Amino acid sequence: MKSSFSRSMKRRSFLKTVSALTAGVFLPEYISGKVLGLDGGVAPSCRVNLGGIGIRNRGFSDLTFFVERPDIRFRAICDIRKDQREKIKQYADQKNNDNDCLMFKDMEDLLIRDDIDAVLIATGDRWHTMASITAAKFGKDIYCEKPLSLTIHESRALANAVHEYGVIYQAGTQRRNISNFMLAAEMAQSGKLGKLTEVHANTLWPATLHEWFPAEPEPSVDEIDWNRWLGPCPWRPFNQRYVDGQWRNHFDFHGGGILEWGSHTVDLCQWAAQKDATAPVEYIPQFKPDGSKAGHIHAVYEDGLKLIMRESGWLGLGSCSARYVGEEGWVETGDSGRMAVSSDALRAELRDFSVAGTNQEAHIAEFVECVKTRQTPSANANVAAQSHIACHCAYIAWQLGRNLKFDPVKEEFVQDEQANRMRSRAMRAPYTV
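Throughout this document, residue positions are counted from 1 along each chain, in the order its sequence is written. Totals for whole chains, interfaces and linings use every residue, but because this is a predicted model, local features are given only for residues with pLDDT of at least 70 and side-chain atom pairs only at 80 or more, for both listing and counting. Hydrogen atoms and water are omitted, and side-chain values are computed over all heavy atoms in the structure.

Student: So what's going on with the packing of helix H6 (residues 125–137) against helix H7 (residues 152–165)? Residues and values would help.
Tutor: In a packed pair of helices, the relevant descriptors are the angle between the two axes and the axis-to-axis distance. For the pair H6 and H7, interaxial distance at closest approach is 9 Å and the crossing angle is 15°. Overall, the two elements H6 and H7 adopt an arrangement that is roughly parallel. You can see that H6 and H7 cross each other, and the crossing is left-handed. Of H7, the residues touching H6 (which contributes Thr129, Ser132, Ile133, Ala136 and Lys137) are Glu154, Ala157, Leu158, Ala161 and Tyr165. Following the grouping adopted for this structure description, the nonpolar residues are Ala, Val, Leu, Ile, Met, Phe, Trp, Tyr, Cys and Pro, the charged ones are Asp, Glu, Lys and Arg, and the polar ones are all others, Gly among them. Classifying every residue of the contact of H6 with H7 gives six nonpolar, two polar and two charged. Axes here mean lines fitted to C-alpha atoms, for a helix over just the part in contact, with angles spanning 0 to 180 degrees between N-to-C directions. Put simply, DSSP H or I for four residues or longer makes a helix, DSSP E for two residues or longer makes a strand, and each gets a number counted from the N terminus. Relative orientations are named as follows: roughly parallel for angles under 35 degrees, roughly antiparallel for angles over 145 degrees, roughly perpendicular for angles from 65 to 115 degrees, and oblique for any other angle. Rotating anticlockwise by less than a right angle from the far helix to the near helix defines a left-handed crossing, while the corresponding clockwise rotation defines a right-handed one. The criterion used for residue contact is that any of the two residues' heavy atoms lie within 4.5 Å.

Student: With reference to specific residues and values, describe the layout of surface pockets.
Tutor: The way it works is a 1 Å grid over only the protein atoms, where trapped points that fit a 1.4 Å probe form a cavity and open points with protein on both sides within 12 Å along at least five of seven lines form a pocket, and then any residue with an atom within 4 Å of a point lines it. Grid points are joined across faces, edges and corners, and a volume is the space filled by probe spheres set on the points. Each pocket or cavity is described by its volume, and for the largest pocket that value is around 790 Å³. Lining the largest pocket we find 39 residues, and of these Arg56, Ala122, Thr123, Gly124 and Trp247 sit closest to its centre. Elements with a contribution of two residues or more to the lining of the largest pocket: helix H3 (58–67), H6, helix H9 (226–230), helix H10 (240–246) and helix H11 (257–272). If one sorts the elements of the lining of the largest pocket by residue count, H6 sits on top with five residues. Taken as a whole, the second largest pocket holds about 230 Å³ of empty space. What lines the second largest pocket is a set of ten residues, and nearest its centre among them are Arg47, Ile72, Arg73, Lys95 and Asn96. Of all the elements in the fold, those that place two or more residues in the lining of the second largest pocket are strand S2 (72–78) and helix H4 (82–96).

Student: Explain H6 residue by residue, including any values.
Tutor: Categorising residues by exposure relies on relative accessible area from a 1.4 Å probe, with only protein chains included: less than 20% of the type maximum marks a residue as buried, more than 50% marks it as exposed, and the intermediate range marks it as partly exposed. Within H6, twelve of the 13 residues are buried, which leaves it mostly tucked inside the rest of the structure. Residues of H6 that are buried: Asp125, Arg126, Trp127, His128, Thr129, Met130, Ala131, Ser132, Ile133, Thr134, Ala135 and Ala136. Gly139, located one to two residues past H6, shows a positive phi value of around 80°.

Student: Break down the packing of aromatic side chains for me, citing the residues and quoting the values.
Tutor: What describes a pair of aromatic rings is the distance from one ring centre to the other and the angle between the planes of the rings. Pairing of aromatic side chains requires ring centres within 6.5 Å, counting the rings of Phe and Tyr and the six-membered ring of Trp. Pairs whose planes differ by under 30 degrees are stacked, by over 60 edge-to-face, and all others tilted. All chains considered together, the criterion is met by 18 aromatic pairs. A centroid spacing of 6.2 Å and a plane angle of 90° characterise the contact between Phe66 and Phe367, whose relative ring orientation is edge-to-face. Placement of Phe66 in helix H3 and of Phe367 in helix H13 (residues 361–373) is noted, with a sequence separation of 301 residues between them. Taken individually, Phe66 and Phe367 each receive the classification buried, so the pair is uniform in this respect. Here the aromatic rings of Trp127 and Tyr431 are separated by 5.4 Å at their centres, their planes lie at 70°, and the arrangement is edge-to-face. Of the two residues, Trp127 sits in helix H6 while Tyr431 sits in the segment after helix H15 (417–421), which places them 304 residues apart along the sequence.

Student: Tell me about the sheet that holds strand S3 (residues 102–104), residues and numbers included.
Tutor: Two strands are counted as paired when DSSP detects at least two bridges linking them. An order of S3-S2-S1-S4-S5-S6 is seen for the six strands of this open sheet, with the pairing classed as parallel. Whereas interior strands pair on both sides, the edge strands pair on one side only; in this sheet they are S3 and strand S6 (169–171). Shown here is a sheet whose adjacent strand axes are inclined to one another by a mean of 20°, direction ignored. Judged from the six bridges that link them, strand S1 (residues 48–53) and S2 form a sheet pairing that is parallel. Bridge pairing in S2 places Gly51 opposite Ala76. Contacts between H3 and the sheet are confined to S1, S2, strand S4 (118–121) and strand S5 (141–144), with S4 contributing the most and set at about 145° to the helix.

Student: Describe in detail the pattern of salt bridges, supporting the description with residues and values.
Tutor: Every case where a carboxyl oxygen of Asp or Glu lies within 4 Å of a side-chain nitrogen of Lys or Arg is listed as a salt bridge. Applying the stated criterion to the full structure yields 33 salt bridges. In this structure, Asp83 engages Arg81 in a salt bridge whose closest nitrogen and oxygen atoms are separated by 2.8 Å. Among the residues examined, Asp83 registers a relative accessible area of 40% and is labelled partly exposed. As a salt-bridge pair, Asp141 and Arg374 come within 2.7 Å of each other at their nearest N and O atoms. A residue pair is termed long-range when its members are at least 10 positions apart, and Asp141 in strand S5 and Arg374 in the loop between H13 and helix H14 (381–400) qualify at 233 residues. Judged by its relative accessible area of 27%, Arg374 falls in the partly exposed class. Bridged by salt links that share partners, the residues Lys105, Asp106, Glu108, Asp225 and Arg228 form one connected network.

Student: Any details on the sheet that holds strand S10 (residues 306–310)? Residues and values, ideally.
Tutor: Picture the strands of a sheet paired through backbone hydrogen bonds; they go either parallel or antiparallel. As summarised here, the arrangement of the nine strands in space is S13-S12-S11-S7-S10-S9-S8-S14-S15, forming an open sheet in which the pairing is mixed. Only two strands of the sheet have a single partner each, and these edge strands are strand S13 (339–341) and strand S15 (412–413). Sheet analysis places strand S8 (residues 282–287) next to strand S9 (residues 293–300), joined by five bridges and oriented antiparallel. Residue pairing in the sheet places Phe287 in a bridge with Lys293 of S9. Contacting strand S7 (196–202), S9, S10 and strand S11 (322–326), H11 crosses the sheet at an angle of about 155° to S7.

Student: Explain the side chain of Asn96 to me, and be specific about the residues and the numbers.
Tutor: The topology assignment puts Asn96 in helix H4. The residues touching Asn96, leaving out its near neighbours within four places in the chain, are Arg73 and Phe74.

Student: Talk me through helix H8 (residues 179–189); I want residue IDs and the actual numbers.
Tutor: Listing the buried residues of H8 in full gives Asn180, Phe181, Leu183, Ala184, Ala185, Met187 and Ala188. Packing partners of the buried residues in H8 comprise S7, H11, S11, strand S12 (329–333), S13 and helix H12 (344–347).

Coordinates in, geometry out; function isn't part of it.
Structural data, given as structure tokens:
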């Protein structure tokens, strides 16, 4: 299905032609400057009409940046929670100075509309892949919060769908558009550190929980659609704490601490090392002196470069830190915007940055521009899939407690049937990919 934005692009081209042909020519007064975008505003044909799916907390933060743009019109919200639908509608109507924001419980009712060009997806992790693939099938461009998937299989299915349906996809890994992380990556890629030997990704404790909250009375479908909330996950009895955000760290709904931050920081490492098209070929879980599992995973790329995923030993430069180590020096940075380097020569490269790594404004701006130009964003589905696959492989190795070899072309573990079965999870019908 062709995106309705292609029609907007045709209208935009038409208006540019009209503007050129009518330069210096009297225009009938009933064609307002506002309609043509000549009064400093944005013509309606040049706006991206945005819908939201599952907007709460981080998603709401994303939305505040979207709606401040004159080329964005937020038109509809889909959420399985009635209170959230109403909250987002109220916010959008205030911003739009009207009462036109539509509300939907089921995302298909939003996605089928021709007046929606793109969607912001910020559901819980369990829905990211399914919602994105469904949006792609409807021809909608997608900005989706991370992590994009819970398994290797989901990562590849999403990237394939985005390619097949020709939509624009930007993962919410915004640090690719944050200046201190950009400078650190440039230092690694330009050879200023010498030949890269190690890249370090700040991750969290890997484990997930297999304990569950007690059953509570299930609310009405209109108030909270619990079946849709679960989506592809196994059936569990309702508990309000899941819906209010305490789904994190529960295995059915979450990919663990490596994925939680690694979807950002392993992504940063792959970017800095120019490994966006591949993944490490070996994963080595680390152990404490008493033989118990540590929170670190070491991985090795085919050319010998090491990827170190670790939760400790950082310099305190902020969350989601990354360090790049070469034969001639190293650089480390994090969400504070501050940077540390190994020598005075490298220190001369540094600048002051005031934007924190959690700020998504520039990343959203890139997405909107790519929707208009049909260029490929920096955090596109292929790039994001590869870094997520590396995270999934590391978590599988950590769970099994043994070294694993991986073929990044076939996307399968080498001669390890048990590990290969863990590349996917059972998905509850009809929420399957």
